[in-house]
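Listed below, chain by chain, are the residues.
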Amino acid sequence: MKKGWRVLLILILVLAVAVAAAGCGGQEAAEDGNGENQTAAGEGAQDEKMKVGFIFVGPVGDLGWSWTHNEGRKYLEEQLPWVETSYVESVPEGADAERVLTELAEAGNKVIFATSFGYMDYVIKVAEKYPDIVFMHCSGYKTAANADTYFGAMEEPRYLSGMVAGKMTKSNILGYVAAYPIPEVIRGINAFTLGARSVNPEAEVRVVWTQTWYDPAAEKQAAISLLDAGADVIAQHQDTPGPQQAAQERGAYAIGYNCDMREFAPDASLTAPIWNWGPYYTRVVEAVKNGTWQVEEYYGNMKDGIVDLGPYNDIVSQEIRDLVDAKKQEIIDGKFHVFQGPIKDQNGEIRVEEGQQMTHEEILNIDWFVEGVIGSPS
Amino acid sequence: MENTVLITILAAAVTAGTPILYAALGEIICERSGVLNLGVEGMMLVGAVCGYMVAVRSASPWAGFLVALLAAGALAAIFAFLTITLRANQVVTGLALTIFGTGVSGFLGKPYIGIPLPLSFKKAPIPVLSDIPLLGPVFFSQDVLVYLSYILVPLLGYYLYRTRWGLNLRAIGENPAAADALGVNVFALRYTYVIIGGMLAGAGGAYLSLAYAPSWLENMTAGRGWIAVALVIFAFWDPFRAVLGAYLFGGVDALTYTLQASTNIQVPVFFLKMMPYVLTVIVLIVVTRHTLAKRVGAPAALSIPYDREER
């Protein structure tokens with residue numbers, strides 16, 4: 001008798017916890033913000049609104065990668081009133097992704113954006129089953145008749161941020177807190193270094209790998225170790241403002257990433273290479289609606305605005321701004337290419353001859369450091 | 001140069017070790033009373049987020065810290081009710097608590113992402129002590145919460161080993177039936193210590209969000225709660241050994257960054273990242289050999305719910 005009551009109570013409590021967790025964890029959070037849309041988009045309204053789904057690898061609150069994609073989603077909804085979006089966050093890059101993609105497809109989405117590299121194979125698999133739905137996969141390399149890839153040339157704003165860092169440093173040691181030794185990150189470090197040394201040939205870039213995308217404390221610790229090694233500007237390829245805070249506390253400078261991070265380090269954060277997915281998402285959805293969509297393996301650049309250099313801190317002098325803005329214009333006009341020769345590697349060997357530039361393929365697969373980087377690319 | 005690098009690493013060891021230390025001390029108290037609470041990570045997150053929310057609103061990190069203690073303590077009270085009163089399986093309940101804490105902290109903290117903290121716990125060197133060579137910059141140029149942990153450890157050690165209350169605490173973890181027969185209120189004490197343990201886990205979380213990396217980000221503890229759980233075993237349920245363990249973990253972690261930043265030796269980062277765990281295994285082997293001889297180990301009644309009728 002007593003036992004039965006206990007079991008019942010446990011069940012109720014467990015249920016309450018589970019319900020609360022499901023509601024809070026936001027595993028499958030529907031679109032926030034516009035509650036009216038949700039109710040209005042009943043069966044009758046389905047013809048008017050086009051459904052677009054997003055799947056994110058991290059929480060949209062990470063202030064980093066997934067956050068920038070979510071900003072793009074919001075922008076899309078603002079720009080195109082006939083679009084209704086939904087998203088699923090914190091989806092691991094595994095079998096779960098296939099399930100979520102299928103769910104999004106079954107829910108009537110006409111376009112689905114999968115925003116992490118590890119979703120690649122699942123995107124192709126699910127795309128086969130739903131030929132009428134357009135699948136867009138960020139940063140991958142596999143396409144199908146109804147599945148395309150997209151990414152951006154982050155190396156362009158990274159080069160510009162390197163110029164700012166090269167001009168602002170006094171010790172000529174720049175610190176770089178980096179996540180994993182993969183081509184995307186190595187590419188960014190190289191572009192940053194090339195930019196810094198273009199204005200300050202004495203500058204060297206010291207790299208510390210953290211082996212995590214997302215750990216504010218570890219990232220901050222890595223930045224502190226760089227500051228202790230004499231660095232006075234800290235750049236990062238990480239998803240939290242930890243490195244910026246370390247620089248702020250030590251009175252040093254920092255270069256953010258993903259989005260403007262000045263709020264967290266008002267005196268330190270100089271600028272940041274940033275992602276701006278919104279306009280691209282809008283274009284894709286419009287193209288799908290108009291029937292002009294096609295596979296193009298999009299690799300956007302600053303000219304398109306998908307990547308950009310964020311706003312400058314007040315400390316950055318007009319002289320430096322003019323210099324960097326001029327280079328930005330050159331890149332946008334196609335007069336300057338970040339990976340144009342001569343480029344030497346860490347050991348001083350010429351890798352790109354004068355007058356040559358690296359091919360798109362070479363840039364995507366880069367696994368060596370340019371001259372001026374101190375650290376191991378593995 | 002050599003000297004400053006050493007000081008950097010040691011100072012970083014203390015800073016990085018402190019959140020783990022708080023959580024581990026809490027778990028030691030909890031496990032000593034015979035309750036295994038695997039919800040440390042969840043309680044840390046709830047502490048971190050609640051502390052942050054209050055600190056942002058009130059502009060007082062101390063208010064935030066207190067609320068962190070209360071919030072994590074409240075979560076621990078739920079755990080205590082489930083495992084002590086209802087005698088639910090402690091491992092499963094603890095895991096549920098971690099998942100719940102992760103979710104609820106993400107939910108509560110959503111509006112606070114990207115909002116900076118007006119006032120955080122800053123480094124506050126202690127006047128005379130911080131001038132001592134080596135020890136000064138390492139131990140006495142930290143923030144208030146670190147100093148608080150210095151006081152907490154000997155206090156806890158004294159309580160555990162030298163007071164009647166501490167004896168009762170150990171007794172209900174070793175043999176609750178015997179303690180009960182002697183008039184010790186096993187249920188009330190277990191409740192108390194589980195809640196205190198939770199509050200300390202909350203303190204560890206608050207240290208992260210209010211002092212170490214002042215910000216709130218979802219899942220910002222990044223596994224430190226689990227390290228704390230492991231540390232308790234590593235420390236053989238002893239607060240003093242927990243200090244060593246926490247600083248060791250912190251130090252080796254800091255070392256991997258400093259080696260990359262301050263030297264020109266090109267060591268693959270995967271190798272460096274492996275080192276803390278290799279070291280852990282080595283230390284565990286050494287420590288185990290030592291302690292096996294002394295016959296110390298887990299509290300005998302750990303993770304066994306106490307039921308008066310089942311004797």
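Residues numbered from 1 in each chain as written. Chains lettered and ligands numbered in written order. Predicted model: local features only at pLDDT ≥ 70, side-chain atom pairs only at ≥ 80, totals over all residues. Heavy atoms only, no water.

As enumerated under the stated definition, the model contains 35 aromatic pairs over all chains in all. Aromatic side chains Tyr150 of chain A and Trp277 of chain A sit 5.8 Å apart centroid to centroid with 85° between the ring planes, which places their arrangement in the edge-to-face category. Placement of Tyr150 of chain A in strand β5 (residues 147–152) and of Trp277 of chain A in the loop between β11 (273–275) and α10 (278–290) is noted, with a sequence separation of 127 residues between them. The same class applies to Tyr150 of chain A as to Trp277 of chain A, namely buried. Between Trp62 of chain B and Phe121 of chain B the ring centres are 5.0 Å apart and the planes differ by 85°, which places this aromatic pair in the edge-to-face class. Pair noted here: Trp62 of chain B is in helix α3 (residues 61–85) and Phe121 of chain B is in the loop between α4 (90–109) and α5 (135–139), with a separation of 59 residues, a long-range link. According to the relative accessible area criterion, Phe121 of chain B is buried, its value standing at 7%. Over the face of the ring belonging to Trp82 of chain A we find Lys289 of chain A, whose NZ or CZ atom lies 4.4 Å from the ring centre. (Phe/Tyr/Trp six-rings, centres within 6.5 Å; stacked < 30°, edge-to-face > 60°. Helix = DSSP H or I, 4+ residues; strand = E, 2+ residues; numbered from the N terminus. Buried < 20%, exposed > 50% of the residue type's maximum accessible area, 1.4 Å probe, protein only. Lys NZ or Arg CZ within 6 Å of the ring centre and 35° of its normal.)

A separate point is the nonpolar core. Counting residues in each nonpolar core, the largest one holds 91 residues, and the members touching the most others are Leu21, Phe65, Val194, Leu210 and Trp216 of chain B. With 13 residues, the single largest contributor to this core is helix α9 (residues 186–212) of chain B. Sequence-distant contacts of Trp216 of chain B, defined by excluding residues within four places in its chain, comprise Leu45, Ala48, Val49, Tyr52, Ser105, Gly106, Gly109, Tyr112 and Ile113 of chain B. Counting 75 residues, the second largest nonpolar core, distinct from the first, contains Tyr87, Val134, Leu160 and Val316 of chain A. (Core = buried A, V, L, I, M, F, W, Y, C linked by side-chain atoms within 4.5 Å. Contact = heavy atoms within 4.5 Å.)

The next thing to look at is the confidence of the model for chain A. For chain A, per-residue confidence averages 88 on the pLDDT scale, and 88% of positions sit at 70 or higher. Counting contacts from residues 22–46 of chain A, a segment whose pLDDT is below 50, to residues more than four positions away or on other chains yields 29 contacts. (pLDDT = per-residue confidence, 0-100.)

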